[in-house]
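Here is what each chain is made of, one letter per residue.
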Amino acid sequence: MIEEYLCSMSEELNIIAGTKTEQYESLIPQIKGLLEGEPDIVANLANVVAALKEQFDWLWTGFYIVRSSSASAKDELVLGPFQGPVACTRIRKGKGVCGTSWEKAQTIIVPDVEKFPGHIACSGLSKSEIVVPVIRNNEVIAVLDVDSEELNHFDETDKVYLEKIVELIAFN
Ligand code: SME
């Protein structure tokens, strides 16, 4: 019986040097492996952010999940699994980069957070940011937020690959 619960994956990720594209191309099959056969959403979100952190070592990498603050419609994002400094726990729809990505159902690349009106500064060290919505059945159900200590750190390559990565996650 016990064997059923043993970790079947190899315990270590293969972390590579190389271009951004090469790093994502190496990581994606490994993320698929981590997700395979595991239905639990918290476990899967936690491993995805850990894998991204290990490969890229960004300042902050994590998910915010769409929730309802009361019995009403889904109106806020609540902090989910992340790696990095402690962060704000709740973000309203349309607020900050995360709430704007949710409202627009679009990836937002912010080259300089100080120039994004309404940016929510969870860490004073963050200089640039990308937020990728997780869309299922035409609805945003979460966002992946990544922060860097460097200005202008994220580009179209990050957008393309992070969108692919969030597609891999089964939200049930
Ligand atoms: N900067 C985000 C808030 C989340 S933290 O960066 C972790 C925003 O403006 O929505």
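Structure report, in brief.

A word on the state of the cysteines. Here the structure, examined in full by the defined rule, presents one disulfide. A sulfur-sulfur separation of 2.4 Å characterises the disulfide bridge that pairs C88 with C122. With C88 in the loop between β2 (76-83) and β3 (90-92) and C122 in the loop between β4 (108-110) and β5 (128-136), the pair connects residues that are 34 residues apart, well separated along the chain. Judged by relative accessible area, which is 36%, C122 ranks as partly exposed. With no disulfide of its own, C98 lies 7.6 Å from the sulfur of C88, the closest cysteine sulfur.

Attention shifts here to the packing of aromatic side chains. Under the definition given, this model contains six aromatic pairs. Centroid distance Y24 to F56: 4.6 Å. Interplanar angle 45 degrees. Geometry classified as tilted. Here F56 lies in helix α2 (residues 41-56) and Y24 lies in helix α1 (residues 20-35), a separation of 32 residues in the sequence. Exposure remark for Y24: the relative accessible area of 0% places this residue in the buried category. Aromatic side chains F56 and W58 sit 4.5 Å apart centroid to centroid with 0 degrees between the ring planes, which places their arrangement in the stacked category. The two residues F56 and W58 agree in class, both being buried. Ring pairs connect the aromatic residues Y24, F56, W58, F154 and Y161, which therefore count as one cluster.

This brings us to the site of the ligand. Around the ligand, the surrounding shell holds 13 residues, and the nearest of these are V97, C98, I120, C122 and E129. A distance of 3.0 Å separates a nitrogen atom of the ligand from a polar side-chain atom of E129. D147 places a polar side-chain atom, nitrogen or oxygen, 3.2 Å from an oxygen atom of the ligand. Protein contacts shield 98% of the accessible area of the ligand, which totals 300 Å² for the unbound molecule.

Within strand β6 (residues 139-148), eight of the 10 residues are buried, which leaves the element mostly enclosed by the surrounding structure. Pairing of β5 with β6, which is carried by nine bridges, proceeds in the antiparallel orientation. Bridging across to β6, V134 finds its partner in A142. Linkage of β5 to β6, two consecutive antiparallel strands, is achieved through a turn of two residues, within which N137 is found at a positive phi near 50 degrees.

Read from one edge to the other, the open sheet built from six strands follows the order β3-β2-β1-β6-β5-β4, with strand pairing classed as antiparallel. Edge strands, defined here as strands with exactly one partner in the open sheet, are β3 and β4. For this sheet, the mean inter-axis angle between neighbouring strands, taken without regard to orientation, is 25 degrees. Note that β2 and β3 share three bridges and pair antiparallel. Looking at the pairing, E76 lines up with R92 of β3. α2 contacts β1 (60-67), β2 and β6 of the sheet and is inclined by roughly 55 degrees relative to β2. Its contacts with the sheet place helix α4 (residues 156-167) against β1, β4, β5 and β6, and it is angled at close to 35 degrees to β5.

As a further point, take the nonpolar core. In this structure, V48, L52, W58, F63, L144, L162 and I165 are the most contacted members of the largest nonpolar core, which totals 29 residues. Secondary-structure elements contributing two or more residues to this core are α1, α2, β1, β5, β6 and α4. If near-sequence neighbours (up to four positions away) are discounted, I165 is found in contact with Y24, I28, I31, V48 and L52.

Attention now goes to the pattern of salt bridges. For the coordinates displayed, the defined rule picks out eight salt bridges. When the shortest N-O distance is used, the salt bridge between R136 and E167 registers 3.8 Å. In this pair, R136 sits in strand β5 while E167 sits in helix α4, placing the two residues 31 residues apart along the sequence. Since its relative accessible area comes to 18%, R136 is described here as buried. Among the ionic contacts, a cluster of salt bridges with common partners joins K20, D155 and D158.

Thresholds, definitions, all that
Residues numbered from 1 in each chain as written. Predicted model: local features only at pLDDT ≥ 70, side-chain atom pairs only at ≥ 80, totals over all residues. Heavy atoms only, no water. Disulfide = S-S within 2.5 Å. Helix = DSSP H or I, 4+ residues; strand = E, 2+ residues; numbered from the N terminus. Buried < 20%, exposed > 50% of the residue type's maximum accessible area, 1.4 Å probe, protein only. Phe/Tyr/Trp six-rings, centres within 6.5 Å; stacked < 30°, edge-to-face > 60°. Near = heavy atom within 4 Å. Polar contact = N/O pair within 3.5 Å; in protein donor to acceptor, adjacent residues only side chain to side chain. Areas by Shrake-Rupley, 256 points an atom, 1.4 Å probe, with all protein chains shown as cover. Pairing = 2+ DSSP bridges. Axes fitted to C-alpha atoms, helices over the stretch in contact; angles between N-to-C directions. Contact = heavy atoms within 4.5 Å. Core = buried A, V, L, I, M, F, W, Y, C linked by side-chain atoms within 4.5 Å. Salt bridge = Lys/Arg side-chain N within 4 Å of Asp/Glu carboxyl O.

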